[in-house]
Amino acid sequence: MITGHTAVFGVIGNPIEHTFSPFLHNMLAKEAGLDMVYTSFHVKEGQLENAFKGLNGLNIQGINVTIPYKLEIMQYMDEVKTAAANVGAVNTVVREGDKFVGYNTDVFGLQMSLEREGVTLEGKSVLIIGAGGVSRAVAVMCAEAGVKSVAIINRTIEKAEILKAFIEDKYEMSAEVITREQLDSGEGIVKELSIAIQTTSVGMSPNVEGNPLEGSSIYSQLDIAVDLIYNPGETKFMSEVRRAGGIAVNGLGMLYYQGVMAFELWQGKLDPSIVNKCYDVFMDKMSK
Ligand code: ATR
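Residues numbered from 1 in each chain as written. Predicted model: local features only at pLDDT ≥ 70, side-chain atom pairs only at ≥ 80, totals over all residues. Heavy atoms only, no water.

Trainee: Would you mind showing me how to read unusual backbone geometry here?
Mentor: Peptide bonds are mostly trans, and most non-glycine residues show a negative phi. Cis geometry marks the peptide bond from Ile 67 to Pro 68; its omega dihedral reads 10°. Inspection of the secondary structure assignment puts Pro 68 in the loop between strand 3 (62-65) and strand 4 (79-80). Cis peptide bonds are those with omega within 30 degrees of zero, and the linkage from Ser 205 to Pro 206 qualifies with 5°. Within the fold, Pro 206 resides in the loop between strand 10 (193-198) and strand 11 (224-227). Of note in the backbone geometry, Asn 59 takes a positive phi value of approximately 60° without being a glycine. Mapping Asn 59 onto the fold places it in the loop between helix 2 (48-57) and strand 3. (Helix = DSSP H or I, 4+ residues; strand = E, 2+ residues; numbered from the N terminus.)

Take a look at the structure:
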């Protein structure tokens, strides 16, 4: 029941009506027995500053931030955590005393979705497919998780070079740009690759026939791959990974765990049994 004591949380974005976050957070709150409500706020163009002042004035306890405000929100933060600053995107705002602190929980979400499958990233070599906006969060995740080296493959080589330069500037992790020929040659860094993360939009609905690495020989050596796409639930890329005997997961796990981490930043650690139970409900609902 909503009363005078109920704490208010929410997500801001534009558009916002397709967000799954209220479903996820209200489910976690209900399971944890917490007196809170999580809603969505449609922040129209030019209204971010007003929205932020409103959150402050209304004593709203925490917010998630989605497209197109993940970068713009940073200027209103008293502190931005290193991973979020490096990604260049804040998706979670936490009140810490009288300060607003910006986090990027996508990075953690991706790591958790891999760890759920029993994968340890530390010391491994990872193939990053794509070099667009999300690939930066993937690179930060790899570096923060102690990955030894990454190989980047992208249609536009210059963008892969920019990602490599970014990594080398910010982290100790080594990065190499590779071509499709190098990938299929199995030489050099390719020999070490056992994990792949697919960050391009190739294969996303409605163009479900696309696969950025169609027919590559890399599949036989992948233990696990994540495709950040979740519609369709199994992309052509994932099918090829599975056919070659590897584990393939879609982007729903990352979505789920970025929400869990935001929730825990606001409300403290959840009981693992709640996290697991809600995971199943979330997967079930989102897969329909
Ligand atoms: P952003 O994530 O920054 O918005 P994007 O345009 O959505 O960027 O592209 C995301 C990734 O998908 C990029 O790696 C992009 O490759 P390019 O850097 O060569 O543009 C990749 N991508 C999109 N369409 C593609 C296609 N048809 N074939 C191969 N890669 C593609």
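After that view of the structure, there is still more to cover.
Trainee: Looking at this structure, I do not really get the side chain of His 25. What am I missing?
Mentor: Its place among the elements puts His 25 in helix 1 (residues 21-32). With sequence-adjacent residues up to four places away left out, His 25 is seen in contact with Tyr 38, Asn 64, Gly 259, Ala 262, Phe 263 and Trp 266. (Contact = heavy atoms within 4.5 Å.)

Trainee: I would appreciate a short explanation of the site of the ligand in the present structure.
Mentor: Every residue close to the ligand is listed here: Gly 130, Ala 131, Gly 132, Gly 133, Asn 154, Arg 155, Thr 156, Lys 159, Thr 200, Ser 201 and Val 202. Note that an oxygen atom of the ligand is positioned 3.5 Å from one of the backbone N or O atoms of Gly 132. Between the ligand and Asn 154, the relevant distance is 2.6 Å, taken from an oxygen atom to a side-chain nitrogen or oxygen of the residue. Its free accessible area being 620 Å², the ligand has 61% of it covered by the protein chains. Looking at side-chain class alone, the shell around the ligand contains two nonpolar, seven polar and two charged residues. (Near = heavy atom within 4 Å. Polar contact = N/O pair within 3.5 Å; in protein donor to acceptor, adjacent residues only side chain to side chain. Areas by Shrake-Rupley, 256 points an atom, 1.4 Å probe, with all protein chains shown as cover. Nonpolar A, V, L, I, M, F, W, Y, C, P; charged D, E, K, R; others polar.)

Trainee: Looking at this structure, how should I read the packing of helix 1 against helix 9 (residues 252-267)?
Mentor: Packed helices, taken two at a time, are described by their axes: the angle between them and the distance between them. Close contact between helix 1 and helix 9 brings their axes to 10 Å; oriented N to C, the two are set at 50°. With respect to their mutual orientation, helix 1 and helix 9 come out oblique. Here the hand of the crossing between helix 1 and helix 9 comes out right-handed. Mapping the contact onto sequence places Leu 24, His 25, Leu 28 and Ala 29 in helix 1 and Leu 255, Tyr 256, Gly 259, Val 260, Ala 262, Phe 263 and Trp 266 in helix 9. Here the contact of helix 1 with helix 9 is composed, by residue class, of nine nonpolar, two polar and no charged. (Axes fitted to C-alpha atoms, helices over the stretch in contact; angles between N-to-C directions. Parallel < 35°, antiparallel > 145°, perpendicular 65-115°, else oblique. Left-handed = near helix turned anticlockwise from the far one by under 90°.)

Trainee: Sorry, what's going on with the pattern of salt bridges here?
Mentor: When their charged atoms lie close together, side chains carrying opposite charge are able to pair. By the definition in use, this model includes ten salt bridges. Where Lys 277 meets Glu 31, a salt bridge forms, and the shortest distance between an N and an O atom there is 3.1 Å. Residue Lys 277 is located in helix 10 (residues 272-286), and its partner Glu 31 is located in helix 1; the two are separated by 246 residues in the primary sequence. A relative accessible area of 46% means that Lys 277 is categorised as partly exposed. Of the charged contacts in the structure, one is a salt bridge between Arg 242 and Glu 234, with a shortest N-O distance of 2.4 Å. For Arg 242, a relative accessible area of 37% gives the class partly exposed. Glu 234 gets classed as partly exposed once you look at its relative accessible area, which sits at 38%. (Salt bridge = Lys/Arg side-chain N within 4 Å of Asp/Glu carboxyl O. Buried < 20%, exposed > 50% of the residue type's maximum accessible area, 1.4 Å probe, protein only.)

Trainee: What is the right way to look at the sheet that holds strand 12 (residues 247-249) in this model?
Mentor: Two modes of strand pairing occur in sheets, parallel and antiparallel, and in both the strands are linked by backbone hydrogen bonds. One open sheet holds the six strands; their spatial order is 9-8-7-10-11-12, and the pairing between them is parallel. The open sheet has two edge strands, strand 9 (174-177) and strand 12, and neither has a second partner. The sheet shows a mean angle of 20° between the axes of neighbouring strands, direction not considered. Relative to strand 9, helix 6 (residues 157-170) is tilted by about 170°, and along the sheet it contacts strand 8 (149-153) and strand 9. (Pairing = 2+ DSSP bridges.)

Treat this as a map of the structure, not an account of what it does.
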